[in-house]
Every structure is written in structure tokens, then in C-alpha cells.
Amino acid sequence: MRELTYAEAIREALSEEMRRDDSVVFLGEDIGVYGGAFGVSRGMLEEFGPVRVRDTPISETAIVGCGVGAAMSGLRPVVEIMFSDFVAVAMDQIVNQAAKARFQFGGQFSVPMVIRTPSGSGTGAAEQHSQSLEAWFVHTPGIKVVTPSTPADAKGMLTTAIRDPNPVLFLEQKLLYRVKGEVPEGEYTIPFGKASVRREGRDVAVITYGRMVQRCLEAADAVAREGIEAEVVDLRSLAPLDRDAIVASAKKCGRVLIVHEACTTGGVGGEIAAIIADSEAFFWLDAPIRRLGGLDSPIPYNRTLEDTVVPRTAGIADALRGLARKGASWPRA
Amino acid sequence: MGIPAAKLKELFLKMSQTRHFEETAARLFTEGKVHGTAHFCIGEEATGVGVCSALAPEDLIAQTHRGHNQAIGKGMRLDRMMAEFLGKETGYCHGRGGCMHIADSSVGSLGANGIVGGGIPIAVGAAFAQQYRKLDAITVCFFGDGATNEGAFHEALNLASVWKLPILFVCVNNYYAMSTPLNRHMNISDIAVRAQSYGIRGKSLDGNDVISVYEATLEAKEYVRREGPMLLVLNTYRYMGHSKSDPQNYRTKEEVESWKKRDPLVLFRDRLLRDGICSAEELDALDGQALRDVAAAVEYAESSPEPRTDEVLRDVLAE
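Fair warning: this is a prediction, and the values are worked out from it, not measured in the lab.

## Remarks on the pairing of strand 8 (residues 230-235) of chain B
Every other side chain in a regular strand lies on the same face of the sheet, so the side chains alternate between the two faces.
Residues and elements named next belong to chain B.
Working step 1: Of all six residues that make up strand 8, six are buried, and the element is covered over most of its length.
Working step 2: Neither face of strand 8 is left uncovered, since the one carrying M230, L232 and L234 and the one carrying L231, V233 and N235 both have all their residues buried.
Working step 3: As judged from the six bridges shared by strand 4 (residues 167-173) and strand 8, these two strands associate in the parallel manner. Residue pairing across strands places F169 opposite L231, the latter belonging to strand 8.
Working step 4: Judged from the six bridges that link them, strand 7 (residues 201-206) and strand 8 form a sheet pairing that is parallel.

Structure representation (C-alpha cells):
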């Protein structure tokens, strides 16, 4: 199969949907001639013109609000927020408007809007351009939150997001933009709320998402040489969350490591741990559930410091070894 | 005055309905029949009714949460409004939103917003959709004087101006942002000058004179269709507190009384009599009809079922 980068896969999905459905419009800062801050929309202005690929002022509240109103009026806007940190500037429109419009008006409106935005650290962009803020929105009923980890998923899940009648926060993993992978040709959708088991194993269940999937797979390969078989579950979508897949993997392995880039406290990992502890998987656990998230720190500028605050492959592998050790089981009387 | 007599009577009826609706709603509050809050527009009836009565069914409005006049002006049903106020299943939002979030997509209402200024960017989006679809319709966006200090207002006016969207921004200036008077929350006395910064037309007028409001809206609508956005500032006054819990210690009784001398309903009644459009009997009859309509709305609302608790999650997400 042909390969595309993660960024190209996103562009392909958006372009296919714009060709298929003239209600799809694309709004954002510098998405036209400039091609988007990460080059995702390069060439789209030429194909679709300035009416449908629309550069906006630097006004995140107005951009998202415009998307909400356009969606309530029958269009399917895709809005790009240049860095996911900037969603904080548009918070009212996302949390109080987009996520509430259907419910508070008794189902009279739907808000089929996608907010595409690059998330995560690793580029030396420091505190205000590197955060992983998904937990804020997972905690907001009325909006879906997805975090594709491969080019194929990015394409299929963006297509799903555009066709979804609800607001979707589409968190692109900025360090994955140039990563290549096999991507099917033509239109296809990947349903939300369905995790993907990226690696089968029986010793430790690794529940993760976004760019940490890659690191977890590398760590799993490293410990496999030592006889530890880790299973890596890529959640893909965080709201809705695939509870069944989480519980099934936890039951199968009896030991669980949850990995995400976002800071640990208040993170999605706590929710995943609670789902396991709250389910029949609890009785299969051979060791306490372990969370490995980012440190509770803003993302620093210095490369070494930046690397220090998010989970690294070596750290994930160490956590796997620790969990797989015999002594990591419950103390027996 | 070139407005047909039937339209003038419609304006009078809708203003009377708004007044009676709110006075009745306030009484239901006192009787302990309402869970929640309400923001009354008594004294401001001419603004929403005057503007919305000048619109076509396909024109859209984004309302404020002091907007029963806007809702009635655009043609929303009193019974379903009252049912929403009482939190009933038959209410416009099935008891989910209350009167702070009343909406009726079937008459072109995008809903009332609980966040000051929150509806302004949304209205811009609706106007964007109208422009994109090359529709003849416009969007009218209501907000108060307080909202013009929100960033959303400035971002939205700028965006609408850059894209020349068919949107009429209507600021209902009642001179108070909750308790803070205009002269302490902005350093200008005419809000319409804010339009200049965004390269759009701005105009202020007496918001208690429903005929001026109606005619200005008709004119503005044509302008907006042709030229793009415009800001209309309607200067008016609210007699009641900000919400039900307001002690009103920030203004004098004399100030309120002085505004009541320019009550929009009294002004309009006098004008209709003076111009020989209606007789006193006709106006009394319209007022009586408004009272009966509101009484019927209360009966409908009170006899309507409560929402079912097992359906509470119904509209969190669309299927």
C-alpha cells in the first residue's frame, strides 16, 4: 500500500470530504496561501478557493464561534486552531456554546463542527505551544475528543469527525505530522469509541493514545527481548472511550500500565484506572494499576528539560519491567 | 408614518403580550412555582418587538437572556415559552434550558445565550452560512451594553466586517451591566461609535419608540444585505432588577420613575391614538387579548407534564 505522512493523510481526508460535500468549509489562521502553520493545508486554497478555504483574523473566539453558528445553520465547518494551547482563548465557544447548544435547546440544533488542532510537546515551542489539554474536554459532555496515532487513523477518523453531527475536537499529534505510514486510497471511516490493539501480549496491558503509542510499542519491543510480553492498546478516541477494550485487556494481562503525555494529575489516565478498578477486571489484577503521565509541570523550552517532563521509551520500558516483576504483585500474607 | 395599520396593531399586541408574559412570570416566581431564575425586559419591549417584527421568517436572530420581547417579536409561541419557564417537557427546550436558553429553530431563533456576548460570534457564523449559501436572508444579533466590553464582541464585529457578512448587530443599551452603570463600564457615551473601529456603520436611537426601532430595522436590513454589517444601538431601560435576586441598591427609585414616564407601551398607545390609527377601545381589546393569551399559556404550561428523568441524557449528543 502507498504511504503518506500523517499531515498528508489529514489533508487527503479533508480534501475528499470537501469534494464530496459542499457544506464542508475550512476556516482558520494562515491556512490559505501559507498552507497552515504545519503545512497541513498546503495546496488546498488552489483547489477549493478562498471562499471554502478561508483565512481568518487572529481571533480564536470568533473563529470557533463562527464555526458553531455555521454548523447550527447547516454547514459542516472544519476550523483549525493553530496550536491546541490556543483553544484556551476560545474556551467559551467550545465549552459553553458548542458542547451545550444541542442539549440546552432541547435537541433543536446539532453542531457538526470539527476543531482540528496540533497537540503535544517535543518541538522546543515551550509552555504555551506544547500542551496536551485533552482532559479538559473529556470532562465536558457534548463534545467528542479524538487522538489518532497513525496516518491511516488520522485520515479515517477525520472523515468520521467531519460526518459526525456533533462537535469533535480532533487533536493532531504535532510530532507525528512527518511520520509516514500506509494509508488506504479513497474514502473510509473509522468509528469513534473503538480502541485498536497495536500489539498483542499477555503480561502487561499498556493503555495509551496519541504519540505515546509509538513509544509504548518501542518499549514493548525492548522488554520482549527480556521475555515480557506487553499488550499495547491505542484508545484512538477519548470521548467516547472504549471501556470494553480497556477492561478486556486489563483482565487478560492482570497488570496495567497507563501512559500519556499530558500531565498525570487530573489526566485521562486517572479515568482509565478508575474504569478498571470499577469493573470486573479488578478481580483479575495481580498488581496495582500504574500511571505514567507527564510530570505536573508546564513544558519547558530547553531540549533536555522538555524531554524530562514527558514519558520516554526508556521510562516506559522500566515501568513495564517493574510491573512484570514477581514482587510487583500484591503482597501475600 | 407609512407602516400599515395591521402591522402597528401587531406591534402593540406583541409588546402587550411581552409585558403581560413577564408580569405573570414574575408573579409565578413570587408564588414559588418557578425553579431557577429569569431576566425580565419590562421597559425594553419596543427593542426586541420592533426589530423582530421588521424581519422575514427566514431571517435569523441570536437572542440575549433578557429577550422575551425578541422571542415574541420573532413569532415564538407563548405557551411553549411559558412551559419552558416552568421547566416542562412541552417547553421549547423540554425543560433543559429554561428561559435563559429559549430557542425556536422553526421561526429562525438560534436561541438565547446565558453567556454575555457568547452569542455574537455564533450569529456571525449563521450570517457566514447565509452568505455562503447565497441566501437573501440576514442574521440579527442581540446583546446588551455590557456585552460590548467582551472580547467576543470585538472579534465578531471585526470578522463580520472583513467578510462583509449580512448581519445586523443590535445593542440593547439599558445603561446597566447588571449593577454597573454605563459611565463606569465604558469611557464613551454613544456605543455606536465602536462600529467605526471595525469599518462598519453605527447608529443610535431611542429604543423606547417602537416605530423608530421598526423603521430603522427595515432600513438597516436593506443596508446589511447590500453593504454588510451594521451596529444599531437602542437606548432603553429595564425597570426590574437584573435577575430575581437583585436588591437594586445601585440606582434610585427616582431614576426608575423618570424612565417610566417614557414607558414604551404608553408612548406607543398615545401615538396610535393621536394619529387616529386605533381607538382606545381597540387598544384595550388588543391588551385584553394579550392578557388572555398569557393566561392560556400559563394554563398550558401548568397542565403540561414534567420531563422524564430516564430521558435526561437524550440530547447530550446527536445520534
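## Focus on the packing of helix 3 (residues 60-72) of chain A against helix 6 (residues 151-162) of chain B
Working step 1: Their axes nearest at 8 Å, the elements helix 3 of chain A and helix 6 of chain B cross at an angle of 70 degrees. With respect to their mutual orientation, helix 3 of chain A and helix 6 of chain B come out roughly perpendicular. The handedness of the crossing between helix 3 of chain A and helix 6 of chain B is right-handed. Only A152, E155, A156 and L159 of chain B of helix 6 of chain B make contact with helix 3 of chain A, whose side of the interface consists of E60, T61, A62 and C66 of chain A.
Working step 2: Looking at the contact of helix 3 of chain A with helix 6 of chain B residue by residue, the class counts come to five nonpolar, one polar and two charged.

## A word on the pairing of strand 11 (residues 230-234) of chain A
Residue and element names in this part refer to chain A.
Working step 1: Of all five residues in strand 11, five are buried, a share of seventy percent or more.
Working step 2: What you see with strand 11 is no split at all: A230, V232 and D234 on one side and E231 and V233 on the other are buried throughout.
Working step 3: Across five bridges, the pairing between strand 10 (residues 204-208) and strand 11 is parallel. Directly across from V204, in strand 11, lies its bridge partner A230.
Working step 4: Following the backbone out of strand 10, through helix 8 (residues 212-224) and into the adjacent parallel strand 11, one traces a crossover that is right-handed.

## Digging into the domain arrangement of chain A
Quite often, the size of an interface is put as the accessible area lost when its parts meet.
All names here are of chain A.
Working step 1: When its domains are assigned, chain A resolves into domain 1 (3-182) and domain 2 (196-325).
Working step 2: If you look at the interface, domain 1 gives 25 residues, while domain 2 gives 22 residues.
Working step 3: Our count for the domain 1 to domain 2 interface comes out at two salt bridges.
Working step 4: The partner of R198 in a salt bridge is D153, with the nearest N and O atoms 2.5 Å apart.
Working step 5: On inspection of domain 1 and its partner domain 2, the count reaches 14 residue pairs in polar contact (both at pLDDT 80 or more).
Working step 6: Of all the elements in the fold, those that place two or more residues in the side of domain 1 that touches domain 2 are helix 6 (134-138), strand 6 (144-146) and helix 7 (151-163).
Working step 7: A breakdown of the residues in the side of domain 1 that touches domain 2 according to their chemical character gives ten nonpolar, eleven polar and four charged.

About the cut-offs
- Residues numbered from 1 in each chain as written.
- Chains lettered and ligands numbered in written order.
- Predicted model: local features only at pLDDT ≥ 70, side-chain atom pairs only at ≥ 80, totals over all residues.
- Heavy atoms only, no water.
- Buried < 20%, exposed > 50% of the residue type's maximum accessible area, 1.4 Å probe, protein only.
- Helix = DSSP H or I, 4+ residues; strand = E, 2+ residues; numbered from the N terminus.
- Pairing = 2+ DSSP bridges.
- Axes fitted to C-alpha atoms, helices over the stretch in contact; angles between N-to-C directions.
- Parallel < 35°, antiparallel > 145°, perpendicular 65-115°, else oblique.
- Left-handed = near helix turned anticlockwise from the far one by under 90°.
- Contact = heavy atoms within 4.5 Å.
- Nonpolar A, V, L, I, M, F, W, Y, C, P; charged D, E, K, R; others polar.
- Right-handed = clockwise from strand over helix to strand, strands pointing away.
- Domains from an automatic or database assignment.
- Salt bridge = Lys/Arg side-chain N within 4 Å of Asp/Glu carboxyl O.
- Polar contact = N/O pair within 3.5 Å; in protein donor to acceptor, adjacent residues only side chain to side chain.

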